[in-house]
Amino acid sequence: MKSIFIDCSLGISGDMLASAFFNLGVPHSIFLDNLVSLNIDKNYKLKFNEGDSEGIKGIVCTKSKIQFKELSRNLNEISNLLLDSSLNDYVKKKSIKVFEILAKAEAVVHGHQISDVHFHELGSMDSILDIVNVCSAIDFLKPYKIYFSNPPSGKGIVSTSHGPLPVPVPTVLEIARQNKIPLMVLDDKYFGEITTPTGIALIATFLDKFGQPGNINIHNIGIGLGSKNISRPNFLRILLIDENIENNKPSYETIISQEAWIDDSTPEDVAVLIDRLRSAGAIDVICYSVDMKKNRKGICIQAIVYPKDKDLLREVWFNYSTTIGIRENKISRWILPRRTVSHKTKFGTVNVKQVMRPNGQNSIKIEHKDLTRITLNTGIPIEEIRQELIIELSEFYEIDD
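These figures come from a predicted structure and were not determined experimentally. (Residues numbered from 1 in each chain as written. Predicted model: local features only at pLDDT ≥ 70, side-chain atom pairs only at ≥ 80, totals over all residues. Heavy atoms only, no water.)

A.B. asks: So what exactly am I meant to see when it comes to empty space enclosed by the protein here?
C.D. replies: Rolled over the atoms, a probe sized like a water molecule indicates the empty space that remains. Tallied over the full model, the rule gives 1 cavity of 30 Å³ or more. Estimates place the volume of the largest cavity at around 80 Å³. Taken together, Ile101, Lys104, Gln178, Asn179, Lys308, Asp309, Asp311 and Leu312 make up the full set of residues lining the largest cavity. Taken together, the elements giving at least two residues each to the lining of the largest cavity come down to helix H4 (89-110) and helix H9 (310-320). Among the residues forming the lining of the largest cavity, the class breakdown is 2 nonpolar, 2 polar and 4 charged. (1 Å grid on protein atoms, 1.4 Å probe; cavity = no way out; pocket = protein on both sides within 12 Å on 5 of 7 lines; lining within 4 Å. Points joined across faces, edges and corners; volume = space filled by probe spheres on them. Helix = DSSP H or I, 4+ residues; strand = E, 2+ residues; numbered from the N terminus. Nonpolar A, V, L, I, M, F, W, Y, C, P; charged D, E, K, R; others polar.)

What follows is the structure, given as structure tokens:
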């Protein structure tokens, strides 16, 4: 099963991540397509150039400046910009989540409501593009899991739009606190920011586990260089790895159940809430009718979420529903090793979920939205398409890239 390990022990930023993904093998076209999808000025240039940092070779990302003044943007404006783009749904969802994490931290730091937070440097098209590029690269690779090393805290003072601030800057500290990200103290003579708000927000968005997994086979390495010359190697590396899954056994994990019973919302409002919960990172959301006190008819809504997302999901419950409380419980589950990958077929590219069974056999399931798209384009019944694809993908049953 292909996973990635992001070693950010010397620092992390959005452009360093994008550069490392390019060096890892993500096609240049993925990043260039983002310029078109975001409708960025055609004179804007995005380049990935070879370079070195204190003798370490890698890729550095360079961008030309847009010839107009960048305005600060709030979360709603950035969300609308992304939603109105032609990016795919996964990239839109993950990019918006990064900005939601940033906005939540900025709101605490400055004592504002999230809706009143305005991004300055973080709202620039450069920063938006960095985030979209990273989300697009992860969407292309579709890793089974994403591991991170602990990011370094840095030290010193930096100049910002708010004036001089200590390192780590308040937003980085607040994101680390809210998302329980341990910052590592690096024995470093450099005084300055080496973990940026964008970098740590991307960690909070994509983190599955801290630390390097054991028993791995390394398929490729991508090196992303920082733009600062700090008199020591300044780079981030991404390892594309193949995790050895012992005896195809299911793995155990703890997840969170969040639940509320609601009797004062319309069905339309409930539908919007469910969409918001899913967009915020819920693994799944279900609802069903319940009889509440005084014989009132209500709706039970239950969201299953990863522990790292539970705080963000609580914000959705309390900001976008009429409930005044939620029940929250830890639940355990066993899951089989699985991955979702794209596969080219005679009907075009389809996404396929592949599962390893304890008896050594493998099974696949074709994403229903792809089946729907194909049947609408061709007029062929879904079941006929499914059967033809299963036959075509029969050689894909082996867990082997």
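This is not the end of the story, as more comes after the structure.
A.B. asks: So what exactly am I meant to see when it comes to the environment of leucine 24 here?
C.D. replies: Counting through the fold element by element, leucine 24 comes out in helix H1 (residues 14-24). The spacing of leucine 24 and tyrosine 190 is 166 residues in sequence and 28 Å in space, taken between C-alpha atoms. If we ignore the near neighbours within four places in the chain, the residues touching leucine 24 are Leu141, Asn220, Ile221, Gly222, Ile238 and Leu240. (Contact = heavy atoms within 4.5 Å.)

A.B. asks: Where do I start with the environment of lysine 45 in this structure?
C.D. replies: Residue position: lysine 45 is located in the loop between helix H2 (28-37) and strand E2 (46-53). Residue classification places lysine 45 among the partly exposed positions, given a relative accessible area of 46%. Sequence spacing of lysine 45 and isoleucine 131 is 86 residues, and the spatial spacing of their C-alpha atoms is 16 Å. Those residues in contact with lysine 45 that lie beyond four places of it in its chain are Thr62, Lys63 and Ser64. (Buried < 20%, exposed > 50% of the residue type's maximum accessible area, 1.4 Å probe, protein only.)

A.B. asks: Could you clarify how one ought to interpret the packing of H4 against H9 in this entry?
C.D. replies: Each pair of packed helices can be summarised by the angle the axes make with each other and by the distance between the axes. With their axes 12 Å apart at the nearest point, H4 and H9 run at an angle of 85° to one another. With respect to each other, H4 and H9 are oriented roughly perpendicular. Residue-level inspection shows Lys97, Glu100 and Lys104 of H4 in contact with H9, the latter providing Asp311, Leu312 and Glu315. Across the contact of H4 with H9, the residue classes break down as 1 nonpolar, no polar and 5 charged. (Axes fitted to C-alpha atoms, helices over the stretch in contact; angles between N-to-C directions. Parallel < 35°, antiparallel > 145°, perpendicular 65-115°, else oblique.)

A.B. asks: Teacher, can you tell me more about H9 here?
C.D. replies: In an α-helix there are 3.6 residues to a turn, and that puts residues three or four apart on one side. Inspection of H9 places Lys310, Asp311, Leu312, Leu313, Val316 and Trp317 among the buried residues, and these make up the whole buried set. Contacts made by the buried residues of H9 are with H4, helix H6 (170-178), strand E12 (251-262), helix H8 (267-279), strand E14 (297-305) and strand E15 (327-335).

A.B. asks: Got a minute to help me understand unusual backbone geometry in this structure?
C.D. replies: The general pattern is negative phi for most residues beyond glycine and trans for most peptide bonds. Of note, the bond from valine 167 into proline 168 is cis; its omega dihedral lies within 30 degrees of zero at 0°. If you trace the backbone, proline 168 turns up in the loop between strand E8 (163-166) and H6. In this structure, glutamate 54 is a non-glycine residue whose phi angle is positive, near 55°. Residue position: glutamate 54 is located in the loop between E2 and strand E3 (56-63). Of note in this structure, lysine 142 is not a glycine but carries a positive phi near 45°. Here lysine 142 lies in the loop between helix H5 (125-141) and strand E6 (146-148). Given a relative accessible area of 21%, lysine 142 falls into the partly exposed group.

A.B. asks: What should I look at first to understand the pattern of salt bridges in this one?
C.D. replies: Where charged atoms from two side chains of opposite charge come close, those side chains can pair. Scanning the entire structure with this criterion turns up 17 salt bridges. Note that glutamate 259 and arginine 327 form a salt bridge whose closest N and O atoms lie 3.5 Å from each other. A residue pair is termed long-range when its members are at least 10 positions apart, and glutamate 259 in strand E12 and arginine 327 in strand E15 qualify at 68 residues. Measuring nitrogen to oxygen at the nearest pair gives 2.6 Å for the salt bridge that ties glutamate 388 to lysine 346. Of this pair, glutamate 388 sits in helix H11 (residues 382-392) while lysine 346 sits in the loop between strand E16 (338-345) and strand E17 (348-356); the two residues are 42 residues apart in sequence, bridging distant segments of the chain. Take glutamate 388: its relative accessible area is 23%, and that puts it in the partly exposed class. The exposed category is assigned to lysine 346, whose relative accessible area is 57%. (Salt bridge = Lys/Arg side-chain N within 4 Å of Asp/Glu carboxyl O.)

A.B. asks: Looking at this structure, I do not really get helix H10 (residues 368-378). What am I missing?
C.D. replies: Of the positions making up H10, those classed as buried are Asp370, Leu371, Ile374 and Thr375. Seen from one end, H10 has its buried residues packed into an arc of 130°, which puts them on one side. The exposed residues of H10 that point more than 90 degrees off its buried face are Lys369, Leu376 and Asn377. Glycine 379 lies just past H10 and shows a positive phi near 80°. (Arc of directions from axis to C-beta.)

A.B. asks: What exactly am I supposed to notice about the sheet that holds E16 here?
C.D. replies: Either a parallel or an antiparallel arrangement is found when strands of a sheet pair, and the pairing is made through backbone hydrogen bonds. With respect to topology, 3 strands assemble into an open sheet ordered E16-E17-E18, the strand pairing being antiparallel. Only two strands of the sheet have a single neighbouring strand rather than two, namely E16 and strand E18 (362-366). Neighbouring strand axes in the sheet, compared pairwise and without regard to direction, differ in orientation by 35° on average. Examined bridge by bridge, E17 and E18 share 5 bridges and lie antiparallel to one another. Paired with glutamine 354 across the two strands is isoleucine 364, which belongs to E18. Lying over the sheet, H10 contacts E17 and E18, oriented at roughly 150° with respect to E17. (Pairing = 2+ DSSP bridges.)

A.B. asks: Is there a simple way to explain the environment of alanine 137 in this structure?
C.D. replies: Inspection of the secondary structure assignment puts alanine 137 in helix H5. Look at alanine 137 and you get buried, because its relative accessible area is 0%. Considered as a pair, alanine 137 and valine 91 are 46 residues apart in the sequence and their alpha carbons are 9.3 Å apart. Once you skip the residues sitting within four places of it in the chain, alanine 137 turns out to touch Phe21, Val26 and Phe31.

These results come straight from atomic positions and should not be treated as a statement about function.
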